[in-house]
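Results of the structural survey
The lines below spell out each chain.
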Number of protein chains: 2
Amino acid sequence: MNKNYEKLLEYIEKSIAMSSALAIFEWDNETLAPESAIENTSKIMGILAKENHKALINDEVKELLATLEQEDDLTLTERKTVEKLKKEYEQLNAVTAEEYQEYNELTAKSANAWAKAKEQNDFSVFAPFLEKIIAFNKKMAANRSKDEGSIYNVLLDDFEEEFTTDVLDKFFEELKKGILPLANKIKDKEDSINFDFLRKDYDIEKQKEFNRFLAEYVGFDFSKGVIAESEHPFTTNWHNHDVRITTHYYKNMPESAIFSTIHEAGHALYEMNVADKYTMTMLAGGTSMGVHESQSRFMENFIGRSEAFWKPIYSKLQETFPENLEDVELSDFMKAVNRVEHGFIRTEADELTYSIHVIIRYEIEKMFMEGDVNIDELPQIWNDKYEEYLGIKPENVSEGILQDIHWSQGSIGYFPSYALGSAFAAQFFHKMQEEINVEEALLDGDMAKITTWLKENIHQYGSSKNAKELLKDVTGEKLNTKYYIEYLTEKYSKLYDL
Amino acid sequence: MNKNYEKLLEYIEKSIAMSSALAIFEWDNETLAPESAIENTSKIMGILAKENHKALINDEVKELLATLEQEDDLTLTERKTVEKLKKEYEQLNAVTAEEYQEYNELTAKSANAWAKAKEQNDFSVFAPFLEKIIAFNKKMAANRSKDEGSIYNVLLDDFEEEFTTDVLDKFFEELKKGILPLANKIKDKEDSINFDFLRKDYDIEKQKEFNRFLAEYVGFDFSKGVIAESEHPFTTNWHNHDVRITTHYYKNMPESAIFSTIHEAGHALYEMNVADKYTMTMLAGGTSMGVHESQSRFMENFIGRSEAFWKPIYSKLQETFPENLEDVELSDFMKAVNRVEHGFIRTEADELTYSIHVIIRYEIEKMFMEGDVNIDELPQIWNDKYEEYLGIKPENVSEGILQDIHWSQGSIGYFPSYALGSAFAAQFFHKMQEEINVEEALLDGDMAKITTWLKENIHQYGSSKNAKELLKDVTGEKLNTKYYIEYLTEKYSKLYDL
């Protein structure tokens, strides 16, 4: 091995240990930590972040990177590692170790403040945190920005390389053109689908049992993973042999946990299936949030909301809740879990209106990243956009601006990944169907056929290919929105007899 | 603040963050982590340990310590901090950062290997790990040893300052003299107490509910703590606002979880009640394992096994398990949970034979620390000692040498703390009874009266006083074994009508 590269690995190794420690504290904060822990725990997390910064941002690493960029005896993996580290170097180098420490202490506390604000339906509890988070991100993005374009691009690039505001503006315009007319046509027909049976009492313990079964059914390997509960469902991991998902149970809305579980299991499968040779390296883990969401939203929607998927297992759901589902036909269940609803909550949204929720957040992020927005005006801006696009007005901040955890964690620029992910998923799905008979596999309960395809084509590569390269290698073309629009049009035209 | 001291705090802060991260991974490994995680996770833990080592063992810290020892403008807290860090410096400096990394990787894996060996009842699964752990500790102790005495003293001193083999040999001789004749007299009467009702089926979910109540009843504050399950019950924390205990439920042995919960809650109260001014400093947390065990064993035995404690809450236990306890009088329940049994398992042992279990481990540790013992002979040595002292012979390694987790975690020299703790507890208890009416408080369900006494006299000081200082300040004398022997003699003579 190249001697300089070997030296570099020591710094990377330390950084990975610090990030892993941060990740387990984050996991613990969301799933288990007692109420009054965060004040001190956030200090520990700040120090771990500072040490992560110090591990990578120093003269030795700078020199090693400069030298290694010139050397020609690196393997492909080594070269990719150097590239990726260089990007991370530029990202972290925009702030000092102490600023980074302070920011991580802030975001650790913010997630708790957000949960409290949401619970108390009081934006003012979270507003001061959000204000600081936005200010930090604007400052950092401005420091990192290399051209005259939007500083929002800097953050967008962290979640999906090369998907700038220019690309996204165009992408979202296409989505609007494809989705809004369809959604409007359906709006008057929303009441035509009955879902009363999903609003009855569903015992939480039985839900847990069924969701565990479901995770395992789609391929989640419990010898390498854990399922727990949190306010906002999420997936995390420190390596590919310890991948964790959460879900959230509601007594009168069983489909919430069901589709969260399938969604998060989609993320988890991606992480579990990355080749072991990348474990605990810079190339470990999913390559971008867009591709990650393509895997979770593929599993949740393209697979999890299809009748073929439920055919072999619907009877198990009925047996778990006979009092509610005994007399409900599979076809009626499928209509209910696919119905369109112009609603407030992104995570509960149907596939059709889903991207509209994302567009609203994208427009708001762009607004506060590019200009000056008074934090206190954000709830009103939010509500106005819901009225404009979906014709509905949130009645309180908990179902409005406070519904999502992401900003509290400092994730600005993340939301577009959800829509991009859906479009990637449609494109991958189209290709998959050319190569294997997906419907037959589902009817046979042969999920492995599908997950093996995903592993071979996408998962195994970890971060060694970015989204653009993956799309190209797997589907032979770059992002093409038509697959997603066609999929939605066909699905919903059929469901609502348009 | 003294400038040099201020500089030192930065190193300490980093060390605390690394130890906290190690602690949360350990907690997670024991309570939640999936089966195949440990291989990679142990690497992360090794790196965290190495960074902890590097934070403290370097020329800057060495110089700062040397300078600060001479300065006379330090507060008492600062001076104690310097002393404590000096001790830790000497401890860590006995090995290189890389050796320390390797050792921590080893112990992380060992705890899993131990659990597997115990489950499979196969010593050979754990033996190679134990061999390495002993070798490391012998090497480290030899490097640190300052005199010609036993190198075992080095390890003993880490758990209880100044309690060397000389002191402990004498202490254990006194215990043997006080306990063995009593235990022998009782041996023939062991069958006189009925405990059949404790071997019926106790629903695990109901046990969990009751144990949660119990923890809260003795003062465990769930806004600062968590209760979970693990193979071997333990307590851990990263600061005094996040203290975690575990227990272990057996369907046909409800008293196991009950007294584990009270025991661990005793540890937890100590950590929760340390003054906030010590939080996340070198003086945070309980001062020694001996004093820690004095708090846990005090709560478990002196309080938790007394009739006055159960008087206000026994009806709740009966209501939780009416099918088993409805017709069992409190006095019979008390006899059953206090009965003497010459058994194999330390953690399930009665108060009287308990110290014999500890003596056996002490003698074995002394043996392998001072001489060469073939690892494969340990199970036999173990069994022979049980026959010698308790007149019983373990039938397998799971109830023999594999029963305790400590060696797998590298804790050699820990066991004497359990016996010392019991003796400390008796001495504290004697003093407490002079100052407050303990029985009355218990009958009134006024646990706060007792925990407030503990907080004011012991807990609040954290590590700012060591065991000897605490004993002196609280009871006015040094360790005096007579209180413990008297307590046992009185209690068991009465119970068995001797």
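Residue numbers run consecutively from 1 along every chain, following the written order of its sequence. Lettering for chains starts from A, numbering for ligands starts from 1, and both go in the order in which the items are written. Note on the predicted model: pLDDT of at least 70 is required for a residue's local features to be given, and 80 or more for side-chain atom pairs to be given and counted; whole-chain, interface and lining totals, by contrast, use all residues. With hydrogens and water stripped out, all remaining heavy atoms of the structure feed into the side-chain values.

Some thoughts on the relation of the copies chain A and chain B
When chain A is fitted to chain B, the best match, at an RMSD of 0.0 Å, comes from turning it 180° and sliding it 0.0 Å along the axis. Both copies of the chain, as the preceding transformation shows, are related through a two-fold rotation axis. It is Ala21 of chain A whose C-alpha, among those of chain A, lies nearest the rotation axis, at 2.8 Å. Both copies contact each other with a shared surface, as 100% of the interface residues of chain A are interface residues in chain B too. When the copies are overlaid, the least-squares fit takes in C-alpha atoms only where the residue has pLDDT of at least 70 in both copies. Contacts are assigned to residue pairs that have any heavy atoms within 4.5 Å of one another.

Quick notes on the nonpolar core
Nonpolar cores were defined as sets of buried Ala, Val, Leu, Ile, Met, Phe, Trp, Tyr and Cys residues, with membership established by side-chain atoms within 4.5 Å. Buried means the residue's accessible area, taken with a 1.4 Å probe over protein chains only, is under 20% of the maximum for its type, while exposed means over 50%, and partly exposed covers the values in between. Membership of the largest hydrophobic core comes to 317 residues, with the highest contact counts inside it found for Trp310 of chain A together with Trp310 of chain B. Contacts of Trp310 of chain A, omitting those with residues within four sequence positions, involve Phe210, Leu214, Ile258, Phe259, Gly304, Leu317, Leu330, Phe333 and Met334 of chain A.

A word on the sheet that holds strand β2 (residues 235-239) of chain A
By definition, the strands of a sheet pair up through backbone hydrogen bonds, in either a parallel or an antiparallel sense. Residue and element names in this part refer to chain A. With respect to topology, three strands assemble into an open sheet ordered β1-β3-β2, the strand pairing being mixed. Both outer strands of the open sheet, β1 (225-229) and β2, are each paired with one neighbouring strand and no more. Taking the axes of each pair of neighbouring strands and ignoring which way they run, one obtains an average angle of 20° across the sheet. For β1 and strand β3 (residues 242-247), the ladder comprises five bridges, and the chain directions are parallel. Note that in β3 the partner of Glu229 across the bridge is Thr247. Pairing between strands requires that DSSP locate at least two bridges from one strand to the other. Runs of H or I in DSSP of at least four residues are treated as helices and runs of E of at least two as strands, each being numbered from the N terminus. Comment: axis = line fitted to C-alpha atoms, over the contacting stretch for helices; angle = value between 0 and 180 degrees taken between N-to-C directions.

Side note on the interface of chain A and chain B
Taken together, the contacts link 38 residues of chain A with 38 residues of chain B. By buried area we mean how much accessible surface two parts lose on assembly, using a 1.4 Å probe and totalling the loss over both. Both sides together, the interface formed by chain A and chain B hides about 3000 Å², and carbon and sulfur atoms give 67% of it. By salt bridge we mean one thing: a side-chain nitrogen of Lys or Arg within 4 Å of a carboxyl oxygen of Asp or Glu. Where chain A meets chain B, there are six salt bridges. Among the ionic pairs, Arg244 of chain A bridges to Asp28 of chain B, the shortest N-O distance being 2.5 Å. The element best represented in the side of chain A that touches chain B is helix α1 (residues 3-31) of chain A, accounting for 10 residues. Broken down by class, the residue content of the side of chain A that touches chain B amounts to 17 nonpolar, 11 polar and 10 charged. Polar here means any residue other than Ala, Val, Leu, Ile, Met, Phe, Trp, Tyr, Cys and Pro, which are nonpolar, and Asp, Glu, Lys and Arg, which are charged; Gly is therefore polar.

Remarks on the environment of Asn324 of chain B
All names here are of chain B. Turning to its location among the elements, Asn324 is positioned in helix α14 (residues 322-325). Using a relative accessible area of 8% as the deciding quantity, one classes Asn324 as buried. For the pair Asn324 and Ile360, spaced 36 residues apart in sequence, the C-alpha to C-alpha distance is 36 Å. Sequence-distant contacts of Asn324, defined by excluding residues within four places in its chain, comprise Phe197, Lys200, Asp201 and Tyr202.

Here we look at the packing of helix α8 (residues 165-187) of chain B against helix α18 (residues 416-435) of chain B
Residues and elements named next belong to chain B. Contact geometry of α8 with α18 gives a least axis separation of 12 Å together with a crossing angle of 65°. α8 and α18 meet at a crossing whose hand is left-handed. Contact residues: Leu168, Phe171, Phe172 and Leu175 in α8; Pro416, Ala419, Leu420 and Ala423 in α18. Here the residues of the contact of α8 with α18 sort into eight nonpolar, no polar and no charged. Whether a crossing is left-handed or right-handed is set by the direction in which the near helix is turned from the far one by less than a right angle, anticlockwise for left-handed and clockwise for right-handed.

Brief notes about a negative patch on the surface
Residues and elements named next belong to chain A. Patches in this entry comprise residues that are over 30% relatively accessible and not in a salt bridge; like charges within 9 Å are linked, as are nonpolar side chains (Val, Leu, Ile, Met, Phe, Trp, Tyr) within 5 Å. Per-residue accessibility takes into account occlusion by the displayed protein chains alone, with areas from the Shrake-Rupley method and a 1.4 Å probe. Charged residues are defined narrowly, with Lys and Arg counted positive, Asp and Glu counted negative, and His plus the chain ends left uncounted. Charged side chains are reduced to one point each, which is NZ for Lys, CZ for Arg, CG for Asp and CD for Glu. A surface patch of negative charge is lined by Asp201, Asp203, Glu323, Glu326, Asp327, Glu329 and Asp332. Its location among the elements puts Asp332 in helix α15 (residues 330-338). Since its relative accessible area comes to 34%, Asp332 is described here as partly exposed.

Details of unusual backbone geometry
Where the residue is not glycine, phi is negative for most of them; where a peptide bond is considered, it is trans in most cases. The backbone of Asp497 of chain A sits at a positive phi, close to 55°, despite the residue not being glycine. Although it is not a glycine, Glu162 of chain B sits at a positive phi angle of roughly 75°. With respect to the secondary-structure elements, Glu162 of chain B resides in the loop between α7 (152-159) and α8. The exposure class of Glu162 of chain B is partly exposed, given its relative accessible area of 43%.

Topic: helix α17 (residues 378-390) of chain A
All names here are of chain A. For α17, spanning 13 residues, the distance from its first C-alpha to its last is 18 Å, which sits close to the expected 18 Å at 1.5 Å a residue. Of all the positions in α17, only Leu378, Pro379, Ile381, Trp382, Asn383, Lys385, Tyr386, Tyr389 and Leu390 are classed as buried. Close packing links the buried residues of α17 with α6 (123-144), α8 (165-187) and α16 (351-370). Among the residues trailing α17, Gly391 stands out with phi positive, at a value near 70°. Here a helix's expected span is defined as the number of its residues, less one, multiplied by 1.5 Å.

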